[in-house]
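Survey of secondary and tertiary structure
Each chain, written out:
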Amino acid sequence: MSDKKKKRTIIRTVLLLIMVSAIGYTIYSNATAEKNVLEVGEKAPEFVLTDLEGNEHRLSEYKGEGVFLNFWGTWCKPCAREMPAINSQYEVYKDQGVNVLAVNIDQSEFEVQSYADRYGLNFPIAIDEAKSVMEAYSVVPLPTTVLISPDGTVTDIITREMTEQEVAAHMESIKPE
Amino acid sequence: MEQIKCQCGHNNPPGTDLCASCGRPLTEKEKRKKLADMRYEGSARRSQTYNKSIVDKVWNFFSSVKIGIAIIVAILVAASIGTILPQQLFIPAQGEEAVREYYADVYGSFGAVYHFLGFHDLYSSYWFQALIGMLGISLIIASLDRGVPLYKSLKNQRVLRHESFMKRQRFFGAGEAEPDALDASAQELENMKYKVRREKNGILAEKGRFSRWGPYVNHAGLIIFLIGVMLRALPGFYIDESLWVREGEMRAIPGAPGYYLASENFEVTTYSGEGDEEVYGEALEEAGTVVKDYKTDAVLYQVPEGSPPGATDNLEKVKEYEIEVNHPLQFDGYNVYQMDYRLNELSSMTFALTNKETGESRGELTVDLSDPQHIYELEDGSTVELIGYYPDFSGFAENGEPQTATPIPNNPGFLVEMTTPETPEGETSFIVIRETVEPFGENEYKLTFQSAETRDVSGLVIRKDVTLPILILGGIIFMIGVTQGMYFNHRRIWIQEKADGTVLVAGHTNKNWFALKKELDKTTETAGLPPAADQQEEAKQKEKEGENRYDVG
Amino acid sequence: MTLVEWSSNLLLTAFFAYLAGTLLFGGAVRGNKEGSFASESRWGRIAITVTVIGFLANLGYFFTRWAASGHIPLSNMFEFTAAFGMMLVGGFILIYFIYRTPALGMVVLPVALLVIAYASMFPRDISPLIPALQSYWLPIHVSTVVIAEGILAISAGAGLIYLLKNVDMKKKSKQRLWLEILMYALFLVLGFVVANSYFMLTDYEAAFDYVDKEGEAASVVYDMPPLFGMNEGVALDESTMEPIFEVPAFINGSKLTAVAWSVIVGTILYGLVRLVFRRRVAEMLQPLVRNTNSQLMDEVGYRSVIIGFPVFSLGALIFAMIWAQEAWGRFWGWDPKEVWALITWLFYAAYLHLRLGKGWQGEKSAWLAVGGFAIIMFNLVAVNLIIAGLHSYA
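Bear in mind that the values here come from a model prediction, so they are computed numbers and not experimental data.

What follows concerns the interface of chain A and chain B. When the parts of a complex come together, some accessible area is lost, and that lost area is often taken as the interface size. Chain A puts 39 residues into the contact, and the matching count from chain B is 42 residues. In terms of residues, the side of chain A that touches chain B owes the most to one element, helix H1 (residues 2-32) of chain A, which gives 14 residues. Of the residues that constitute the side of chain A that touches chain B, the class distribution is 16 nonpolar, 12 polar and 11 charged.

Okay, here's the thing in structure tokens:
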């Protein structure tokens with residue numbers, strides 16, 4: 001009898017625990033989890049983009065080097081303010097194994113090219129015509145900068161304007177050893 | 001607590017009201033009743049029997065019907081509070097601060113309080129979800145506690161019951177009977193589709209026992225449904241994205257890696273009120289324009305396996321489909337719904353290069369706004385060089401540079417340099433709709449707006465819901481349970497011949513007593529059994545006459 | 001006659017048949033004063049025949065209108081409410097053939113009349129379907145809901161009879177008060193019908209410009225004299241009467257005006273009845289139900305819920321979810337109408353659990369049945385007109 005009782009208590013405890021934790025987890029993840037968002041620490045999704053000069057950039061080809069991926073648009077004012085900083089730091093780090101790729105979100109080649117000319121941008125700029133890279137990196141606000149380490153993982157995602165010091169520090173952080 | 005031993009020798013679990021074997025009342029309370037409480041066959045509800053540890057107490061809490069009803073009522077009241085003012089989802093304001101202000105501005109202090117209490121997002125609040133969760137726990141525990149003992153007692157029920165059990169059924173009769181009444185009634189009951197069991201001097205006829213499982217089946221359906229809803233919280237089980245696509249554009253489908261969607265055409269039609277639609281004439285006059293249909297001619301593409309995003313030159317066409325309201329595009333578990341649209345976004349503009357004085361035109365140029373060219377050459381050697389294009393011109397910066405607010409051509413501005421054989425050094429001009437700025441003095445030539453072409457933007461929603469089959473299963477099981485429990489009933493008739501030759505007849509059903517009475521009367525009449533009377537009716541009658549009061553429960 | 005005219009004439013026929021049916025059922029019940037059931041069954045037979053004829057005419061209205069409009073006539077406030085009235089009668093006929101209860105007819109038919117009259121106060125033009133409604137789920141979903149609500153409402157009818165018979169009118173009690181409030185509520189609906197008909201017949205109209213809750217300019221046409229003015233409302237015609245009160249932007253002054261007129265006219269009517277007869281309305285009805293069988297009414301009420309609940313679950317929740325999934329890709333969106341369907345469902349679930357688990361029978365059960373009807377009516381009236389959402393008809 002007391003054995004039976006013990007068994008019953010155990011079954012009840014287990015059932016209650018399962019139910020309560022399932023509900024608790026559901027409420028918690030409904031409150032916190034954002035759907036399908038790329039997170040720091042994940043492997044950076046592969047992409048292939050062709051820049052304005054016609055060169056193809058494939059992420060996997062930069063294995064062993066850092067990638068500074070900047071998403072931007074010509075209408076975005078903070079983008080315009082950080083572009084010169086990125087450009088000058090690009091000059092510093094381009095020979096140290098840090099690649100910069102600026103990804104424009106589906107604007108016309110004319111707008112992108114004249115923008116690059118006006119700001120004298122030297123780093124490669126590609127246009128993400130179907131917004132597929134933007135989707136893969138779940139970019140919402142502009143500018144968004146994704147830092148990819150030499151081993152291909154995302155080490156940081158910055159969703160605001162950066163100062164020149166910050167740009168330098170970020171590039172330094174993904175420099176191969 | 002100890003097992004209860006009945007006079008008939010059967011051991012019953014503690015808390016039992018009616019002996020599972022013979023049906024004798026076991027508790028004092030039960031003995032006092034005029035009619036037996038047949039709700040769970042008088043079996044012990046598991047939770048009531050153990051009430052020691054905290055676990056047992058929690059278990060008992062959720063097992064109680066009273067608590068279950070209290071939870072239902074709490075959800076009901078909470079849900080109704082959420083409809084007093086529109087939920088956050090349905091208001092135009094976006095962002096926490098804006099939402100708070102919206103409630104305060106539009107609904108005054110009541111709105112502010114409503115927002116402060118979190119009622120603006122009531123259905124996703126943690127406490128509302130917790131209430132639903134508690135309902136789920138209550139469903140599971142209450143069903144287990146009642147379903148299992150009920151199943152056991154119905155499975156083990158005996159044909160011969162004690163006289164006290166039969167006497168305490170609502171339909172009961174006793175008296176003399178024809179000699180072969182038992183055989184005749186067994187025959188008659190079988191004719192009426194009863195399952196008849198005989199044992200020595202007694203008969204148990206039963207039909208529709210499965211209807212007793214109805215509540216447990218429908219609760220199981222609800223539990224499965226709730227599990228399905230919970231799974232949606234897990235990443236990847238539920239995708240909900242939106243997509244705006246212009247005519248002639250192709251876009252990666254959000255949430256569906258590797259898939260692309262192109263819009264070839266978007267169309268809105270409205271009711272004309274003519275021909276077949278003449279019957280709507282008056283309603284249309286009242287309402288103005290009513291949209292009849294809107295749809296996107298879409299083409300679905302897919303990249304080959306393993307092809308990364310970015311490259312769009314190797315796309316394979318999957319299918320063409322007309323996406324319409326109520327007719328989503330379906331592929332690979334995804335559904336693309338037609339939700340919204342924006343009409344008439346500028347797609348190209350045509351200008352003429354004209355002499356301001358004579359009005360003479362040197363030719364026309366058309367600027368494709370999604371792909372403007374650097375240089376437009378006209379027939380007679382004149383050129384228009386595009387220096388800057390600002391799709392949504394919003395004014396000049398401090399350094400005089402034109403600005404654009406968005407990438408959408410709401411208010412396109414063009415900075416151009418016009419060169420003609422007469423003005424070989426070129427003239428600079430800035431053009432926006434209905435306005436031309438000439439920053440470096442008076443020009444001889446200007447670009448005159450001729451015409452524009454527009455295109456429509458289609459608003460689509462992409463959804464994938466892996467939990468749907470679970471939800472559907474839950475829904476089906478629920479409906480089966482409700483149907484079996486409510487449209488069928490469990491009828492039982494006991495007949496027993498006592499040693500002295502008296503025959504006892506008793507009948508029970510979980511609902512629709514009228515139908516049972518009919519069948520019972522038919523049996524007693526044909527077989528020559530003593531008629532059964534409705535004891536509840538009699539009790540009511542007496543109560544009314546003020547003679548006696550019974551606790552009928 | 002065109003199909004449309006046929007359809008409105010058939011509805012009118014049904015209306016008068018129900019009116020006659022009410023009186024005949026009343027006669028059947030009164031005839032039974034001395035318990036002579038022979039007279040009850042003779043009158044009852046005539047009454048049910050008239051009611052069935054009315055119901056057939058009502059079905060005729062429904063299908064001719066369907067043919068004329070090209071879609072099931074359940075797409076606006078008038079059509080839905082009229083169909084609800086029709087199904088109320090349909091549910092009653094069903095129950096009548098099982099239980100032979102003339103008293104139920106005497107209660108349900110006038111309510112159905114009131115519902116149909118209320119429906120007729122809304123624009124009766126045949127309106128085209130917006131894209132979201134163009135689906136075969138429209139007939140499946142909405143007709144199941146209407147049938148279910150019709151059946152569920154029967155339980156309220158049975159409950160009302162139970163209460164009229166069993167609540168003691170001589171003693172002051174909460175029950176007596178609430179029963180009278182219930183009667184008063186029916187008078188308010190009557191008040192709406194009378195007020196609206198009067199102003200419709202006299203062609204009353206007053207246009208206003210106002211500022212809506214989003215701060216945008218808008219305009220509105222009142223069809224009753226404006227007691228409550230819209231936010232910053234300006235009359236377009238100078239002869240229009242000045243609204244007595246101005247309401248804040250989030251309250252719709254023209255709808256509030258309609259409510260106010262209903263209350264005024266309904267209260268006057270109720271007051272007149274009380275003055276003339278010097279008795280409570282419920283008390284006046286009590287003799288009519290003296291000979292009904294309480295237990296039978298309890299059983300009828302319970303069985304209506306048992307029949308109606310699964311149909312309601314199927315139509316208002318399951319079919320609704322399937323359609324919502326197909327049209328919008330989410331089976332549930334917490335739209336007010338959806339929420340109120342859930343509330344109705346939860347309420348009847350609570351009813352069943354209270355009855356089966358807690359033994360709430362008789363009077364308690366009857367009160368719950370009446371409460372369920374109140375929720376259905378709230379969903380039909382208030383949610384459609386006040387809390388706008390995807391289902392907003394008017």
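Attention shifts here to the interface of chain C and chain B. With 47 residues of chain C at the interface, the matching set in chain B holds 47 residues. Contributions of two or more residues to the side of chain C that touches chain B are made by helix H2 (37-69), helix H9 (294-328) and helix H10 (336-358) of chain C. The biggest single contributor to the side of chain C that touches chain B is H10 of chain C, with 13 residues. Considered class by class, the residues forming the side of chain C that touches chain B number 31 nonpolar, 10 polar and six charged.

Residues and elements named next belong to chain C. As assigned here, chain C comprises domain 1 (3-123 + 130-169 + 280-385) and domain 2 (170-279). If you average the C-alpha positions of domain 1 and of domain 2, the two centres end up 26 Å apart. Across the contact, 15 residues belong to domain 1 and 19 residues belong to domain 2. For the side of domain 1 that touches domain 2, the secondary structure elements donating two or more residues are helix H4 (102-119), helix H8 (281-285) and helix H11 (363-385). In terms of residue count, the dominant contributor to the side of domain 1 that touches domain 2 is H8 (four residues). Of the residues in the side of domain 1 that touches domain 2, the class split is 12 nonpolar, no polar and three charged.

Before going further, it helps to examine the environment of Glu286 of chain B. Relative to the elements of secondary structure, Glu286 of chain B occurs in helix H10 (residues 281-287). Once residues lying within four places of it in the same chain are set aside, the contact partners of Glu286 of chain B are Pro123 and Asp125 of chain C.

Now for the packing of H9 of chain C against H10 of chain C. All names here are of chain C. Relative orientation of the contacting elements H9 and H10 amounts to 150°, with a least axis distance of 10 Å. Accordingly, the angle class assigned to the pair H9 and H10 is roughly antiparallel. Where H9 crosses over H10, the two elements pack in a sense that is left-handed. Between H9, through Tyr302, Val305, Phe309, Phe312, Ser313, Ala316, Leu317 and Ala320, and H10, the contact on the second element is made entirely by Glu338, Ala341, Trp345, Tyr348, Tyr351, Leu352 and Arg355. Here the residues of the contact of H9 with H10 are counted per class, giving 12 nonpolar, one polar and two charged.

Between helix H11 (residues 468-486) of chain B and H9 of chain C, the shortest axis-to-axis distance is 9 Å and the interhelical angle comes to 165°. Here H11 of chain B is positioned roughly antiparallel relative to H9 of chain C, judged by the angle of their axes. For H11 of chain B against H9 of chain C, the interelement crossing comes out left-handed. Where H11 of chain B abuts H9 of chain C, its residues Gly475, Met479, Val482, Thr483 and Met486 of chain B lie against Ile306, Phe309, Pro310, Ser313, Leu314 and Ile318 of chain C.

Moving on: the nonpolar core. In summary, soluble globular proteins display a tendency toward joint burial of nonpolar side chains. Membership of the largest hydrophobic core comes to 166 residues, with the highest contact counts inside it found for Leu88, Leu104, Ala112 and Ile161 of chain C. Here the element with the most residues in this core is H9 of chain C; it accounts for 17 residues. Look past the residues within four positions of Leu88 of chain C in its chain and what remains in contact with it is Val108, Val111, Ala112, Val115, Gly150 and Ala153 of chain C. Of all hydrophobic cores here, the second largest spans 42 residues; its members include Ala44, Ile127, Leu147 and Val154 of chain A.

Bringing unusual backbone geometry into the picture now. In this model, Leu142 of chain A is joined to Pro143 of chain A through a cis peptide bond whose omega is -5°. As for its placement among the helices and strands, Pro143 of chain A is situated in the loop between helix H4 (132-136) and strand E6 (144-148). In the Ramachandran plot, Lys131 of chain A falls in the positive-phi region, its phi being about 60° despite a non-glycine side chain. Among the structural elements, Lys131 of chain A can be located in the loop between strand E5 (125-128) and H4. A positive phi angle, near 55°, is found at Trp334 of chain C, a position not held by glycine. Mapped onto the elements, Trp334 of chain C comes out in the loop between H9 and H10. When the 19 C-beta atoms within 10 Å are taken as the criterion, Trp334 of chain C is described as partly exposed.

All names here are of chain B. Summarising burial for strand E22 (residues 491-497): six of the seven residues are buried, a large majority. Inspection of the sheet shows strand E5 (residues 202-207) paired to E22 by six bridges, in the antiparallel sense. Counterpart to Ile203 in the pairing with E22 is Ile495. Of the pairings in the sheet, the one linking E22 to strand E23 (residues 503-509) comprises seven bridges and is antiparallel in character. Its bridge partner lying in E23, Gln496 is registered against Leu504. The turn joining E22 and E23, which pair antiparallel and follow one another in sequence, is formed by five residues; a positive phi near 95° is taken by Gly501.

What counts as what
Residues numbered from 1 in each chain as written. Chains lettered and ligands numbered in written order. Predicted model: local features only at pLDDT ≥ 70, side-chain atom pairs only at ≥ 80, totals over all residues. Contact = placed C-beta atoms within 7 Å. Helix = DSSP H or I, 4+ residues; strand = E, 2+ residues; numbered from the N terminus. Nonpolar A, V, L, I, M, F, W, Y, C, P; charged D, E, K, R; others polar. Domains from an automatic or database assignment. Axes fitted to C-alpha atoms, helices over the stretch in contact; angles between N-to-C directions. Parallel < 35°, antiparallel > 145°, perpendicular 65-115°, else oblique. Left-handed = near helix turned anticlockwise from the far one by under 90°. Core = buried A, V, L, I, M, F, W, Y, C linked by C-beta atoms within 7 Å. Buried ≥ 20, exposed ≤ 12 C-beta atoms within 10 Å, placed from the backbone. Pairing = 2+ DSSP bridges.

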